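Below, each chain spelled out in residue letters.
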There are 4 protein chains.
Amino acid sequence: MNELHEECGVFGIIAPDNYEIGRTVYYGLFALQHRGQESCGIVVNDDGVFTSHKDLGLVNDVFDNSTLASLGEGHMAIGHVRYGTTGKNERANAQPIMVNHIKGSLSLAHNGNIINSFELRKQFEMEGSIFRSTSDTEVIAYLITKERLKSDSIEEAVNRAMYKIKGAYSLLLMSPTKLIAARDPHGFRPLCYGVRDDGSIVIASESCALNAVSAKFVRDIEPGEIVVFDKDGIRSNRDHCGTEEKHICIFEYIYFARPDSVIDGISVHAARVRAGHALAKDYPVDADIVIGVPDSGLDAAIGYSRESGIPYGIGFIKNKYIGRTFIAPGQEQRENMVNIKLNVIEENIRGKRIVMVDDSVVRGTTSKNIVAKLRAAGAKEVHLRLAAPAFTDECFYGTDISDKSQLIANNHTLDEIRDIIGCDTLGYLKVERLPELIERDDEKGYCSACFGGGYPAGRAASGKFKFEQKLSEKIKKEN
Amino acid sequence: MNELHEECGVFGIIAPDNYEIGRTVYYGLFALQHRGQESCGIVVNDDGVFTSHKDLGLVNDVFDNSTLASLGEGHMAIGHVRYGTTGKNERANAQPIMVNHIKGSLSLAHNGNIINSFELRKQFEMEGSIFRSTSDTEVIAYLITKERLKSDSIEEAVNRAMYKIKGAYSLLLMSPTKLIAARDPHGFRPLCYGVRDDGSIVIASESCALNAVSAKFVRDIEPGEIVVFDKDGIRSNRDHCGTEEKHICIFEYIYFARPDSVIDGISVHAARVRAGHALAKDYPVDADIVIGVPDSGLDAAIGYSRESGIPYGIGFIKNKYIGRTFIAPGQEQRENMVNIKLNVIEENIRGKRIVMVDDSVVRGTTSKNIVAKLRAAGAKEVHLRLAAPAFTDECFYGTDISDKSQLIANNHTLDEIRDIIGCDTLGYLKVERLPELIERDDEKGYCSACFGGGYPAGRAASGKFKFEQKLSEKIKKEN
Amino acid sequence: MNELHEECGVFGIIAPDNYEIGRTVYYGLFALQHRGQESCGIVVNDDGVFTSHKDLGLVNDVFDNSTLASLGEGHMAIGHVRYGTTGKNERANAQPIMVNHIKGSLSLAHNGNIINSFELRKQFEMEGSIFRSTSDTEVIAYLITKERLKSDSIEEAVNRAMYKIKGAYSLLLMSPTKLIAARDPHGFRPLCYGVRDDGSIVIASESCALNAVSAKFVRDIEPGEIVVFDKDGIRSNRDHCGTEEKHICIFEYIYFARPDSVIDGISVHAARVRAGHALAKDYPVDADIVIGVPDSGLDAAIGYSRESGIPYGIGFIKNKYIGRTFIAPGQEQRENMVNIKLNVIEENIRGKRIVMVDDSVVRGTTSKNIVAKLRAAGAKEVHLRLAAPAFTDECFYGTDISDKSQLIANNHTLDEIRDIIGCDTLGYLKVERLPELIERDDEKGYCSACFGGGYPAGRAASGKFKFEQKLSEKIKKEN
Amino acid sequence: MNELHEECGVFGIIAPDNYEIGRTVYYGLFALQHRGQESCGIVVNDDGVFTSHKDLGLVNDVFDNSTLASLGEGHMAIGHVRYGTTGKNERANAQPIMVNHIKGSLSLAHNGNIINSFELRKQFEMEGSIFRSTSDTEVIAYLITKERLKSDSIEEAVNRAMYKIKGAYSLLLMSPTKLIAARDPHGFRPLCYGVRDDGSIVIASESCALNAVSAKFVRDIEPGEIVVFDKDGIRSNRDHCGTEEKHICIFEYIYFARPDSVIDGISVHAARVRAGHALAKDYPVDADIVIGVPDSGLDAAIGYSRESGIPYGIGFIKNKYIGRTFIAPGQEQRENMVNIKLNVIEENIRGKRIVMVDDSVVRGTTSKNIVAKLRAAGAKEVHLRLAAPAFTDECFYGTDISDKSQLIANNHTLDEIRDIIGCDTLGYLKVERLPELIERDDEKGYCSACFGGGYPAGRAASGKFKFEQKLSEKIKKEN
């Protein structure tokens, strides 16, 4: 738990004609790869026949020319990248999920976390249902299928299901003839759509994925909204809109999303630059250069530089070739992982007073090593500024901040943290600055549960991880 | 459809103590590889925690040291090799199936074909169930799970389920604490168990797999029998025994099974030798040498030689290195596939009158090429003897004889077939000789539906393939 | 050293027109795979431009559709399969060797072993040559290149080189315009050529490879002969013919070659059948059945059966799926490797007196396990007959019988061997029977050095392995 | 030829004791990966026994835990990354080269290009040498081996060889007991060494690789210097020093080297910032923001911003997941490669006047697409500034600027280039500014041949590529 991870990214497309549409999803998933690096998948819909490929690995590992060709042609497709926060990272949990059903096939890709999935699963199992995975996405698939039997259409089934699902979700569903996007009433996770020159509609977790496939951003899916895309056009169901206050995850802006994305009208890059402004105002310091820790500290570093007037410079070069198959040095080896990954540009550091901006601190270990590198390169002073408040609470809405006891901010005072990391001064973004990031005047419209902001959709009955534990205890016992 | 394929093989083990038990299953599956070469899988049970690995490919391709190690230790495990006769050969259809359920996990491996799976599936789907695969094994998993909710034990659930399943099945089920073997009341497919020196019980489709892991054969599971193996010992439920007449697939003896297996008390090798005796009696000929087409014609060739007194010899050498990744020559290439695979030992052929024994003829193409090779090598006469009657009907009980129109015997008279193949004389095993193969006096105790013997368990409502078609038509439509 | 290995197989083709000629070599190498399973390679000649691919592994592993396509079109090609008997099995030692030289490119494939390669190499290194591999093939390449500079043609260079090379070799050389086959004056290793319907000439170590690519056998290359194939036809140089007595390796007939090959006019299968006849004459026994150990004992078993009148039967089924990636059980595991590989057909064994024919015994371990299996299956008596004399000496001419101390026949009397193996009686083929195998009246025309027959071309100065050792000692030292 | 490529990077280490030293080379090669992405290799020296692994691919692809383990332990090792500029990218051309020789093994890694390699090769071939590759490194290996026979030590051989080699080279040689670094008298390519806390000496093409393995920079190898590292310490031979004027490749600073490297005392990052300063002075413009094209335009963009006072900002996000196996869209597809790779941060572009800094322009295609993206994102003006002068000439000293006719600057005037690219104004770094980059007052000490600066070591007789052509013509012909 040295880094935080988003759980998932979704991507879908509906085109006016058939072509090797899985290839477009492939490029879209590349743009969302930062949202999930453990598994990925694509399902192509060719006039109702679904063809899928999914596996553990990066988009580059899972798909090659022959697997893309094997997906065939189609006019609709959805894709998914996943970072699983719990349990074994099994192939069975890869998405999109596919369901063959007499009422019509269904494919499902999900970003978020369902609070009441344990209760729903228990209920379904007692009715005779069987589960193949431990993911909450399969619970949603069951719920929609069961509602489907009582409904006139798949969108009605989704609408009915949304009354029963609690938590965070940005969903993409594909039926033989429809592509459906749904976002939970709180709007925890982003979801938007755009259009391509050829009339294709593209739906994605982040706008950067629209840009990657040359689609023009149209608008965000609203919290609580269900949007149906099919050959008859676009229809919006707003039954669930406004039933809850909006609570977009503020950490999407601070860390998760790509800086070139625009979420609910706010540029992620600009939000981070504003975090830098705020840090400069709240924690001014006399220094020679402002540097950012690549990649996620760079935007806020520019903000700090602009507000403070201290020149911006490049402090580190990150080795860009360290991929998935990189062999990290073991304990017994003489190599230092931070040296392999990051190198200091000594020219900019030696003899200087440094403001170093990073996105956040989880356990503190990495920051400590980086500060030590600056000292070794001759830095006179190191002032650490963090573009996020201190993490104090676990997240139930789709990120993996789960074990409060591992968070440095729960175990140490600010002074202790500064001493552990070894910097001269330390400043966390103030909680009251969060509204500024998304250009609000009040502390509304976002979720900051992980920074002590409270749980707008409640907590999971027993925590997501406890759900897993309970589940595995249960399945061991048999009468 | 130049060759016929068995659908599956199953293997299970319950040991007195924990070890890397998946490795034993690995060796067992090797011995059953001839029963299915498209996919395979192993599930290991470590005190109720199931770990599985399965994929498309041969046992050698799917498992290596690291995947076997990742299965961990356990005291029970089941495995499966599969040849899928229909639809796409998808990873989703690989077995064993795993079910996580609040009443206890379940893993399931199946050899056979369920006649009423379409009806059951339709019914379950209308109750809200969702299916991930197109295999009938998932239907069985659902049925047992649903019965489980009304039962006091998993074996009771299996017993109840067997009243509802029609068709051919040899099943292995693994619950957290029990290993259960069940065979359909007709006993279409073989299933037996043995014991190892350390007290482990081993269950397998064929006795050759018991031998491979040094287990001593104990007995066959009887038609209709459910046998439960757990720490308390072995318990047999015979509620379904005798409810139907026995109908072991006669083609297991003729072609599918390994000659070193003993099925229901009859040696497969000996059955084939007896087929050779019968051919020699019914179709005597003056000749210099009897040869078999490797590998499945060799046993009957020895039988023919013994009965006729004509010397047995080796006619062909088969290239044993042509594996899964072998690149067959395309149409435009100058190479001849039969030459690459088989070579004649000219010494034994030139100037001689040959009796060539093969197991059966499906479309006739391969036989034609082989006879031409003998002629080119200088054979004076070629007399083809087939150790099976002519195929005339499709099979609904687990083999892939599905399209009657492709069977040469349905389109041509015996004389025409002889001329197409280019042999001097041709003799099929007579249908009335089948009882001799398994040492019976009457035409009972076996299924010979594919040779026009009638369908003892009925035909599938619409044929297995039509089931697939109906299913795929259904899933395309949506209200 | 439980099994003996041939070192290499070579294959070449020259066609009237350009096509993807590497594919034909691919099929040819399949037929020679038994001669070398460690590495393989193909070089295609497209009007003087050579393209090559070679690597460690079986033909199936090293070549796929894309590597074959990457070889491009050409009208000439050579290929090689290799079993390296010494040192590390490095990619650098894979063949064919390719040489780019101002006098014309050269590619070289070699089967055999050069006695004086250490001396030649030392001399060349002192003249400034550098070596990339430890194989003697590179020494030949150097020698021919150096002679080339003094010669008017490549064939003259080969001719001159042959005066300097001592030992066993069947060579294929490809220059931009010529394909050259050369066989050492003793003719230790086989080499023959044939013709295809389209006029292509095919050269191969064994005739079975001609058959595989539908080429008609023309004749063997004679001991000492150099044959040049090019667009002007076929030219033979016989300067070295008759300079030595012929010494074809008798073990090619007994074990190495495929039974469907014909070497120097003698069918390998027939030679083995004759070995069986001889065993039956020299070691008669009262028994119920004659069985062969698959695959190499089957031919002699038929011979024994015919001569003795005791019926031939199938004793064992060999698992044909155990490929290169098979994971053999470790010492700590409960599995028995012989059980996994071979299974007894109990029907043919129980209560019977068995004559079991095998090709040879190296260390005795495998034979011991197999005899034990027969006993466990109920054999009353087991009489082992070996189709080769006892190994007593190392080979310097291209096989890996190298360490005399490991040979069971050097450490034990016949009675001891019988007791170690556990058979009732034991009979080795008598040395004086060897001429019969190849239809000779005298003990001439073949090499039986490994059976104590003496070294017709002398011994290597220090043995091949000592050459390796000397080499590696040398390269460690530096002034 | 849309991008320029360095040819190679070298890395070596000599340690006081044995360990899995290849792992340290692995991390060192990661830091040099930007210098060559086509092949790589490592050779480990364990007391005179050399073990090597090399193949086509990135360091990540070629090495995994098992290949690293197979290199074993040792106290010396060298490694290489390669970008081949000519001919086929064959495995035979991968380095380090290994030579087994009676005078001691030798391994060789080379960065640079030998001008007279064709002449040397021709001469060696006429003396009977054979070549396995088309690389000039093999020519060096031969030359050193031949000189070795006349020398008392390997370092004397290197010294003698350097009188005969003309061109650019930074060499690493490993003998059983010595590690030798040599740099050509012009010093075209960088080479330096450092020391680790445990006393290991590390030699690398760039200082960033010293940092990566926690080695402290000691000094650069001087032009013409030969440095020998062994158990007796460090010895420098300076016979060739000062025989030529120094000519470090100026493009190392502008583009090839990593910005965190320091070459011959000059920080690469600082040199690029100074290029930005110069551009701001020579081409001032009224604008709102300065952005760099990632990654190589960022340093100069910061320089431009500082000198001009126009704020620096982030203009583009580069997708960091596009690796080697990425499938680029084909012509027939609807995707746009530039959109997939780079995305604009519209917030920083819309309505603004942009100064965009890039390193150089080769053919102009990529620049054109990027400018179009800025326009589409709403840029009011786009002013392109290039941190290099215009390419006008080919390079004979180790980079792949080879075909003058493809260089946009040779075919178009400045105004035409501006119009082709579509920017409002365009400024190339002035040739007379080059001395400033490396803090010189005169136009000496560097090579700027590619910018029309003349060839300090002469041109290859016929160009490197013509050498290849001549070679391939030659080898096609044969008497």
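Here goes a summary of the coordinates provided. (Residues numbered from 1 in each chain as written. Chains lettered and ligands numbered in written order. Predicted model: local features only at pLDDT ≥ 70, side-chain atom pairs only at ≥ 80, totals over all residues. Heavy atoms only, no water.)

Here we look at the relation of the copies chain B and chain C
Turning chain B through 180° and shifting it by 0.0 Å along the axis lays it on chain C, with an RMSD of 0.0 Å. Interpreted geometrically, this transformation is the action of a two-fold axis. It is K320 of chain B whose C-alpha, among those of chain B, lies nearest the rotation axis, at 3.7 Å. (Least-squares fit on C-alpha atoms with pLDDT ≥ 70 in both.)

Some thoughts on the pattern of salt bridges
Scanning all chains against the criterion turns up 131 salt bridges over all chains. One salt bridge in this structure joins R353 of chain A and D288 of chain A, with 2.8 Å as the shortest N-O distance. Here R353 of chain A is found in strand β20 (residues 353–358), whereas its partner D288 of chain A is found in the loop between α9 (268–282) and β17 (289–292), with 65 residues between them in sequence. When its relative accessible area of 22% is taken as the criterion, R353 of chain A is described as partly exposed. For D288 of chain A, a relative accessible area of 29% corresponds to the partly exposed category. A salt bridge links E147 of chain D to K150 of chain D, with the shortest nitrogen-to-oxygen separation between them at 3.7 Å. Take E147 of chain D: its relative accessible area is 3%, and that puts it in the buried class. Each of the salt bridges in this network shares a partner with another, and the network as a whole consists of E147, K150, E156, R160 and K164 of chain A. (Salt bridge = Lys/Arg side-chain N within 4 Å of Asp/Glu carboxyl O. Helix = DSSP H or I, 4+ residues; strand = E, 2+ residues; numbered from the N terminus. Buried < 20%, exposed > 50% of the residue type's maximum accessible area, 1.4 Å probe, protein only.)

Regarding the interface of chain A and chain D
Opposite the 61 residues of chain A that make contact, chain D presents 61 residues. For the pair chain A and chain D, the summed buried area comes to about 4900 Å², and 51% of that belongs to carbon and sulfur atoms. Along the contact surface separating chain A from chain D lie four salt bridges. Put simply, D295 of chain A and K320 of chain D hold a salt bridge, and the shortest N to O gap is 3.3 Å. Summed over the shared surface of chain A and chain D, the result is 28 residue pairs in polar contact (both at pLDDT 80 or more). For the side of chain A that touches chain D, the per-class residue count stands at 27 nonpolar, 19 polar and 15 charged. (Contact = heavy atoms within 4.5 Å. Buried area = accessible area lost by both parts, 1.4 Å probe. Polar contact = N/O pair within 3.5 Å; in protein donor to acceptor, adjacent residues only side chain to side chain. Nonpolar A, V, L, I, M, F, W, Y, C, P; charged D, E, K, R; others polar.)

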